[in-house]
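# Descriptive structure summary
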Amino acid sequence: MEKLRKVVKEIAYTRDHTNSPALHRSLVPFLTFASSLYGVALHIRRSLYRSSFFHQHRLPVPVISVGNLSWGGNGKTPMVEYITQLLLSSGISPLILTRGYAGGDEAKMLERHLQGGPTKIGVGPNRAATAASCFEKYGCANPSSIRTFFDRSLLHETVKVETFSQEIGAVVLDDGMQIVMLNGMNPWGNGNLVPLGPLREPLPALDRADIAVVHHVDLIPEQSLRDIEKTIHGFKNSIPIFYSKMVPKYLFDVKNDRSHVALEALHDATVLCVSAIGSADAFVENIEMVGARFVDRLDFSDHYLFEAQDVETMRRRAKGLENRSDSKPIIVVTEKDYNRDPEILKSLDSYTVLVLCSKLEITPCRDANVDDFKSTLCKTLAVKFRVSN
């Protein structure tokens, strides 16, 4: 199954299959048919929402939705955390709503980063029911205080708050098209809908977005960035575009998630990067930029759950590196990989296994900066909140 996932991903990011392996070419007709069915289902779903057959749930506080057009590597979860921290800095107690996909690895990462604070995290496939339960438990902030929050120009001022109210003042949703995250390293793949391509929605869906953020902007060439901007504005010329990147902050040992290992531990080291994420290239490049002497990689499909045989594969790969370099390599994984099963990675006890912790940052680019992002987010939320209330 893992091999099939890898083949499907390779197909999704290949525009011309003429010279592809026979297995890839044989799967294309089936994937094309499945992609067509998916497109029909999307069209029917949108039509049912437009006709009000499906009810759209309104919440009594501002909602910030963070979504993506394509699968994996778009920076959606880091952006959810980034916005949550902005809300906290302005004295607002947020609620994060997430489906808890693939064992809840993303929710676990958010819980670790935000633990001890006033943020609530609601996990469940029915976000409306989860939100209702949270509002019943914690209550809702007074609408007048929320309006004052906007009048202060949301997030422009950092407020020193001694005690947060338990009442929910905003919701951050890890879905939707309000803020659309795009993986700058390959945002569209072959341009087709899943499973033939990586797109969860067709490109014209950009017209529904209020803000676009090109992620991994530090890892892409200027011409690619211009092409991405041109495509975005081709579907919605008025949409503001911002830019983000992941910045490595520190590492921790898999045997103790409260440990704190400086990035300098990787300087001049031999490193084996092991990951099951949507954008392994970005992860590997960040490790290289930290200063590792030699970097090898072992990639699995997004959200893959490591098994005992995979640990043996890691051990063999690490042993091979050790024999060639005459030094023990350090194995580095991402937080998402660690969260899916923290225990299984501990069985690699003959090697040091570290978890890389990174943070999303809005990068100044094209006359757009952090303050512009905050201001644009403020205006967008203020308009929608006042209209709905």
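In what follows, the structure referred to is the one given above.
First, a word on what this report is: a plain description of the structure on this page.

Assigned secondary structure in the protein consists of 11 helices and 12 strands. On C-alpha atoms alone, the protein measures out to a radius of gyration of 22 Å, which is about the 21 Å that the 2.2 N^0.38 rule sets for 389 residues. The dimensions of the protein, computed from C-alpha atoms along their principal axes, are 65 × 55 × 40 Å. Taken across its 389 residues, the protein has 52% of its residues classed as buried. The contacts in the protein between residues at least 6 apart in sequence include a share of 77% that link residues at least 24 apart. With an accessible surface of roughly 18,300 Å², the protein has 53% of that area assigned to carbon and sulfur atoms. Across the protein, the mean location of the 46 positive side-chain charges is 4 Å away from that of the 45 negative side-chain charges.

Looking now at the nonpolar core. Among the nonpolar cores identified, the biggest contains 50 residues, and Leu69, Met79, Ile179, Ile232 and Phe373 are the most heavily contacted of them. Tallying contributions element by element places helix H3 (residues 76–89) first for this core, with 7 residues. Beyond its immediate chain neighbours, meaning those up to four positions away, Ile179 contacts Ile64, Ser65, Val66, Gly67, Ile83, Ile211, Val213, Phe373 and Leu377. Membership of the second largest hydrophobic core comes to 23 residues, among which are Val274, Val311, Met314 and Leu348.

Covered by surrounding structure in strand S3 (residues 120–123) are Lys120 and Gly122 only, the residues Ile121 and Val123 on the alternate face being uncovered. Summarising the sheet, strand S2 (residues 94–98) and S3 pair through 4 bridges and their orientation is parallel. Residue pairing in the sheet places Ile96 in a bridge with Ile121 of S3.

That bond from Val194 to Pro195 is cis: its omega, 0 degrees, falls within 30 degrees of zero. The phi dihedral of Asp326 is positive, around 60 degrees, even though this residue is not glycine. Along the chain, Asp326 falls in the loop between helix H9 (308–325) and strand S11 (330–334). The backbone phi angle of Arg366 is positive, close to 55 degrees, even though this residue is not glycine.

If you trace the backbone, Ser35 turns up in helix H2 (residues 22–50). Looking at Ser35, the relative accessible area reads 9%, which means it is buried. Beyond its immediate sequence surroundings of up to four residues, Ser35 is in contact with Leu193, Val194, Pro195 and Leu196.

Going through the model one piece at a time under the given rule, you end up with 6 aromatic pairs. Arranged with centres 5.2 Å apart and planes meeting at 5 degrees, the rings of Phe300 and Tyr304 form a pair that is stacked. Taken individually, Phe300 and Tyr304 each receive the classification buried, so the pair is uniform in this respect. A centroid spacing of 5.2 Å and a plane angle of 70 degrees characterise the contact between Phe300 and Phe306, whose relative ring orientation is edge-to-face. A cation over a ring is seen here: Lys120 above Tyr138, with NZ or CZ 5.0 Å from the ring centre. Seen from the ring of Tyr351, Lys328 lies directly overhead, with NZ or CZ sitting 4.2 Å from the centre.

The sheet contact formed by strand S6 (residues 211–215) and strand S7 (residues 241–253) spans 3 bridges and is parallel. Residue pairing in the sheet places Val213 in a bridge with Phe242 of S7. In this structure, S7 lies alongside strand S12 (residues 353–362), joined through 9 bridges in antiparallel fashion. Counterpart to Met246 in the pairing with S12 is Leu360. Across 2 bridges, S7 lies against strand S8 (residues 256–261) in antiparallel orientation. Among the inter-strand pairings, Asp253 is bridged to a residue of S8, identified as Asn256. Between the antiparallel neighbours S7 and S8 lie 2 residues.

The rules behind these values
- Residues numbered from 1 in each chain as written.
- Predicted model: local features only at pLDDT ≥ 70, side-chain atom pairs only at ≥ 80, totals over all residues.
- Heavy atoms only, no water.
- Helix = DSSP H or I, 4+ residues; strand = E, 2+ residues; numbered from the N terminus.
- Rg over C-alpha atoms; globule rule 2.2 N^0.38 Å.
- Buried < 20%, exposed > 50% of the residue type's maximum accessible area, 1.4 Å probe, protein only.
- Contact = heavy atoms within 4.5 Å.
- Areas by Shrake-Rupley, 256 points an atom, 1.4 Å probe, with all protein chains shown as cover.
- Lys, Arg positive; Asp, Glu negative; His and termini not counted.
- Charge placed at Lys NZ, Arg CZ, Asp CG, Glu CD.
- Core = buried A, V, L, I, M, F, W, Y, C linked by side-chain atoms within 4.5 Å.
- Pairing = 2+ DSSP bridges.
- Phe/Tyr/Trp six-rings, centres within 6.5 Å; stacked < 30°, edge-to-face > 60°.
- Lys NZ or Arg CZ within 6 Å of the ring centre and 35° of its normal.

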